[in-house]
Amino acid sequence: MENNRTVDSPATVGLRGRCPRCGEGHLFKGYLSFRPSCEVCGLDFRFIDSADGPAFFVMSIVGIVVVALAMWVEFAYEPPMWVHAALWVPLSIGLSLILVRPLKGMMAALQYSNKAAEGRFR
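On a predicted model such as this, the values are computed, not experimentally measured, just so you know. In this numbering scheme, every chain counts its residues from 1 along its sequence in written order. Local features are withheld for residues below a pLDDT of 70 in this predicted model, meaning they are given only at 70 or higher, and side-chain atom pairs are given and counted only at 80 or more; totals for whole chains, interfaces and linings count all residues. Water and hydrogen atoms were dropped before computing side-chain values, which therefore reflect all heavy atoms in the structure.

Examining the nonpolar core
Stated precisely, the cut-off is as follows: Note on terminology: a nonpolar core comprises buried Ala, Val, Leu, Ile, Met, Phe, Trp, Tyr and Cys residues joined through side-chain atoms within 4.5 Å. Partly exposed residues are those whose accessible area sits between 20% and 50% of the maximum for their type, while under 20% is buried and over 50% is exposed, using a 1.4 Å probe and protein chains only. Contacts were defined at the residue level, with two residues in contact if any of their heavy atoms lie within 4.5 Å.
Grouped together as the largest cluster of nonpolar side chains are eleven residues: Cys19, Cys22, Leu27, Phe28, Phe34, Cys38, Leu43, Phe45, Ile48, Ala108 and Tyr112. In this view, Leu43 contacts Cys19, Pro20, Arg21, Pro36, Ser37, Cys38 and Tyr112; residues no more than four positions away in its chain are not counted. With eight residues, the next largest nonpolar core counts Val62, Ala70, Trp88 and Leu103 among its residues.

See the structure below:
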């Protein structure tokens, strides 16, 4: 995992789903699966292990947004429960699907730039 970075910010490159080294190649081959390597610079993506990190951040962000909006709607309008279900379930699912890929890409790029690896005993 050499660090020959030519891009400015790993966060912006990761959010765009690009290679953390060159910033040009695609990071994903599907919606959430990583390519084996970058098609531009040849960086091997087998080192990437984002684990549950993206899911944690997605749940935190979506939870804060949806709960804040639900409380505001409840206190301002006092709608019936079916309105809450009709509003917040689709919003939660939609926001989760929108956020998970960019956050997974960002975590992969940050993992590369910080040379993160599995912990080992010496």
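Regarding helix H2 (residues 53–77)
Convention followed: The numbering of helices and of strands both runs from the N terminus, where a helix is a DSSP run of H or I of at least 4 residues and a strand a run of E of at least 2. Multiply 1.5 Å by the residue count of a helix minus one, and that product is the helix's expected span.
Between its first and last C-alpha, H2 extends 36 Å over 25 residues, near the 36 Å set by a 1.5 Å rise per residue. Those residues of H2 that sit buried are Gly53, Pro54, Val58, Val62, Val66, Ala70 and Val73. Its buried side turned inward, H2 meets helix H3 (81–113). Of the residues trailing H2, Glu78 is marked for its positive phi of about 50°.

Quick notes on the environment of Ala108
Position of Ala108 among the secondary structure elements: in helix H3. The exposure class of Ala108 is buried, given its relative accessible area of 0%. Once the C-alpha coordinates of Ala108 and Pro20 are considered, the two residues, 88 residues apart in sequence, prove to be 7.7 Å apart. When neighbours within four sequence positions are excluded, Ala108 is seen to be in contact with Leu27, Phe34, Phe47 and Ile48.

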